[in-house]
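Spelled out, the chains give:
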Amino acid sequence: CDTCGGEEAKYRCPRCMKHSCSLPCVKKHKIALSCNGVRDKTAFVSVTEFTDLNLLSDYRFLEDVGRTADAAARDLSVHRPTTNKFINYLRNRARRHNINLKTLPIGFTKRRENSTIFNKKEQKFYWHLKLVFPHCHAEYTLKRVPEDKTLADILKPYIDPVESDPVVCQRLKIYTASPRSDVQILMKIENRKQNSTRYNELDASRSLLENLKNKVIIEYPTLFVVLKKLKKDMVVLGQEATESAEDSDSGSSSLSSEEEEGEIRESS
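The residue count restarts for each chain, going from 1 along the sequence in the order it is written. Thresholds applied to this predicted model are a pLDDT of at least 70 for local features of residues and 80 or more for the giving and counting of side-chain atom pairs; totals over whole chains, interfaces and linings are not thresholded and use all residues. Hydrogens and water are ignored here; the side-chain numbers use all heavy atoms of the structure.

A.B. asks: Is there a simple way to explain the pattern of salt bridges in this structure?
C.D. replies: Pairing between side chains becomes possible if they bear opposite charge and their charged atoms approach one another. For this analysis, a salt bridge means a side-chain nitrogen from Lys or Arg found within 4 Å of a carboxyl oxygen belonging to Asp or Glu. Taken as a whole and judged by the stated rule, the model has 9 salt bridges. One salt bridge connects arginine 67 with aspartate 64, and the closest N-O pair in it is separated by 2.3 Å. A residue pair is termed a helical-turn pair when its members lie 3 or 4 positions apart in one helix, as arginine 67 and aspartate 64 do in helix H2 (residues 52-74) at 3 residues. By relative accessible area, which is 29% here, aspartate 64 ends up partly exposed. One network of salt bridges, in which partners are shared, links Lys41, Asp64 and Arg67. Numbering of helices and strands runs from the N terminus; a helix is a DSSP stretch of H or I covering at least four residues, while a strand is a stretch of E covering at least two. Burial classification: accessible surface area is computed with a 1.4 Å probe over protein chains only, and a residue below 20% of its type maximum counts as buried, one above 50% as exposed, and the rest as partly exposed.

A.B. asks: Just checking my understanding: could you explain the side chain of glutamate 219 for this structure?
C.D. replies: Relative to the helices and strands, glutamate 219 is located in the loop between strand S9 (216-218) and strand S10 (222-227). Polar contacts, as used here, are pairs of N or O atoms within 3.5 Å; protein pairs need one atom able to donate a hydrogen and one able to accept it. Residues neighboring in sequence count only if both atoms are side-chain atoms. Here the side chain of glutamate 219 touches leucine 104 through a polar contact of 2.7 Å, landing on its backbone nitrogen. Discounting chain neighbours no more than four positions away, the residues touching glutamate 219 are Leu101, Lys102, Thr103, Leu104, Lys110, Arg111, Asn114, Thr116 and Trp127. We call two residues in contact when some of their heavy atoms are within 4.5 Å.

A.B. asks: I tried to follow the UniProt feature "domain: HIT-type" (unreviewed entry) in the protein chain on my own but got confused; where do I start?
C.D. replies: UniProt positions are given in the numbering used here, feature names are shortened, and annotations may be inferred rather than shown by experiment. Those residues carrying the UniProt feature "domain: HIT-type" (unreviewed entry) are residues 1-35 in this numbering. Spanning residues 1-35, this segment combines 31% helix with 11% strand, and its end C-alpha atoms are found 16 Å apart.

A.B. asks: Looking at this model, I keep getting lost on helix H1 (residues 23-33). Mind explaining?
C.D. replies: It helps to recall that an α-helix has 3.6 residues per turn; residues three or four apart then point in one direction. Taken together, the buried positions of H1 are Cys25, Val26 and His29. The arc that holds every buried residue of H1, seen down its axis, measures 105 degrees, which confines them to one face. Along H1, the residues that are exposed and aim more than 90 degrees away from the buried face are Leu23, Lys27, Lys28 and Ile31. Buried residues along H1 sit against strand S1 (11-12) and strand S2 (19-20). Within this analysis, the arc is defined by the directions that extend from the helix axis to the C-beta atoms.

A.B. asks: Sorry if this is basic, but what is going on with the environment of valine 168 here?
C.D. replies: Within the element layout of this structure, valine 168 appears in helix H6 (residues 166-171). The exposure class of valine 168 is buried, given its relative accessible area of 14%. Setting aside chain neighbours within four positions, we find valine 168 in contact with Tyr140, Pro157 and Tyr158.

A.B. asks: What should I look at first to understand the packing of aromatic side chains in this one?
C.D. replies: How two aromatic rings sit relative to each other is given by the distance of their centres and the angle of their planes. For this analysis, a ring pair means two rings from Phe, Tyr or Trp (six-membered ring only for Trp) whose centres lie within 6.5 Å, classed as stacked if their planes differ by under 30 degrees, edge-to-face if by over 60, and tilted for the remaining angles. Following the criterion strictly, the structure yields 8 aromatic pairs and no others. Between tyrosine 89 and phenylalanine 118, the aromatic rings sit 6.0 Å apart at their centres with planes inclined by 75 degrees, giving edge-to-face as the arrangement. With a gap of 29 residues between them, tyrosine 89 in helix H3 (residues 81-96) and phenylalanine 118 in strand S4 (residues 117-119) connect regions that are remote in the sequence. Tyrosine 89 gets classed as partly exposed once you look at its relative accessible area, which sits at 24%. On the basis of an interplanar angle of 80 degrees and a centroid distance of 5.2 Å, the ring pair of phenylalanine 133 and tyrosine 175 is categorised as edge-to-face. With phenylalanine 133 in strand S5 (residues 124-133) and tyrosine 175 in helix H7 (residues 173-176), the pair connects residues that are 42 residues apart, well separated along the chain. An aromatic cluster of at least three residues, connected via ring pairs, comprises Tyr89, Phe118, Phe125 and Trp127. Positioned above the aromatic ring of tyrosine 220, the side-chain terminus of lysine 110 is 4.8 Å from the ring centre. Positioned above the aromatic ring of tyrosine 89, the side-chain terminus of lysine 120 is 5.1 Å from the ring centre. Distance and angle both matter: a charge sits over a ring if NZ of Lys or CZ of Arg is within 6 Å of the ring centre and within 35 degrees of the ring normal.

A.B. asks: Would you explain unusual backbone geometry in this entry?
C.D. replies: With a phi close to 55 degrees, histidine 137 is a non-glycine residue in the positive phi region. Residue placement: histidine 137 occurs in the loop between S5 and strand S6 (138-146). Despite not being glycine, glutamate 219 has its phi angle at roughly 70 degrees, a positive value. Judged by its relative accessible area of 1%, glutamate 219 is buried.

A.B. asks: What's the story with the confidence of the model for the protein chain in this structure? I'm lost.
C.D. replies: As a general rule, the predicted coordinates of low-pLDDT regions are not to be interpreted in detail. pLDDT is defined as a per-residue confidence score from the predictor, taking values between 0 and 100. Averaged over all residues, the pLDDT of the protein chain equals 82, while 84% of them reach at least 70. Predicted confidence for residues 243-248 stays below pLDDT 50, and this span has 2 contacts to residues more than four positions away or in other chains. Per-residue pLDDT stays below 50 along residues 250-268; that stretch engages in 0 contacts with residues further than four places along the chain or on separate chains.

A.B. asks: What's the story with the nonpolar core in this structure? I'm lost.
C.D. replies: Proteins that are soluble and globular tend to have nonpolar side chains buried together. Nonpolar core, defined: a set of buried Ala, Val, Leu, Ile, Met, Phe, Trp, Tyr and Cys residues in which side-chain atoms within 4.5 Å join the residues together. Leu131, Phe133, Tyr158 and Leu172 are the most contacted members of the largest nonpolar core, which totals 34 residues. Of all the secondary structure elements, the ones that give two or more residues to this core are H3, S5, S6, helix H5 (151-159), strand S7 (183-188), helix H8 (208-212) and S10. Setting aside anything within four residues of it in sequence, one finds leucine 131 in contact with Ala138, Glu139, Tyr140, Leu142, Ile154, Leu155, Tyr158 and Leu223. Val132, Leu186, Val226 and Val236 belong to the second largest nonpolar core, which has 6 residues in total.

A.B. asks: What's the story with the pairing of S6 in this structure? I'm lost.
C.D. replies: Two faces belong to every sheet, and in a regular strand the side chains alternate between them. Direction of pairing for S5 relative to S6: antiparallel, over a ladder of 7 bridges. For lysine 130, the partnering residue across the bridge sits in S6 and is threonine 141. Hairpin connection between S5 and S6: a loop of 4 residues separates the two successive antiparallel strands, and histidine 137 in this loop has a positive phi of roughly 55 degrees. Following DSSP output, two strands are said to pair if at least two bridges run between them.

Below, the structure is given as structure tokens:
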């Protein structure tokens, strides 16, 4: 059992593949890892591990997507002029700020939970925003965040050792204990191939609006707060060459050390 470590495991979580021995341990692991226990139907499976069960799962997933899209198309609220008018208004306003705002059909979760508005009186956006802290498996949703608020101020209630909530601070202690220079704020680049995911690095000292300019946003921004030393597969756009060069340097250095060891053995 990955939770108590004392009993033989009887169950395996479909979501995170953690082993558990009993219902109390299942509940503890869900709380500790913020795991919902639902299998990720879109998780990557290599060709060598692909089976008939995976094929059947994909087929059922596509059927579910088709039913959801059909139900959304039949929803009467989709055809209401006020709904389309509001969405088009948000898109046009975002376009004036060089933001390519895209929306999903009504019925999709992100469309339903999006609370972004444009205040005509103040002439500014109030964004629906999601913060993801991958190293702690934590997510937080913020509503009506003003566009002129800096990212540093947005993150203060979460990772600032002084101003953050004690409960949140304890959960995100790996962030609060790290220097601010090690914290990176990334946003996924949309409209890329599945196997070439890249992220834009955002400037914490700039406002939310300045960071969103010249970017594609689907419904609302999702920001990933990461630590440079723990970042693994999240490649920042423009840094691919640097990282590959570092990998090649480390490979050459290890090779040279092996050659030196071989020369020492031969001489001895």
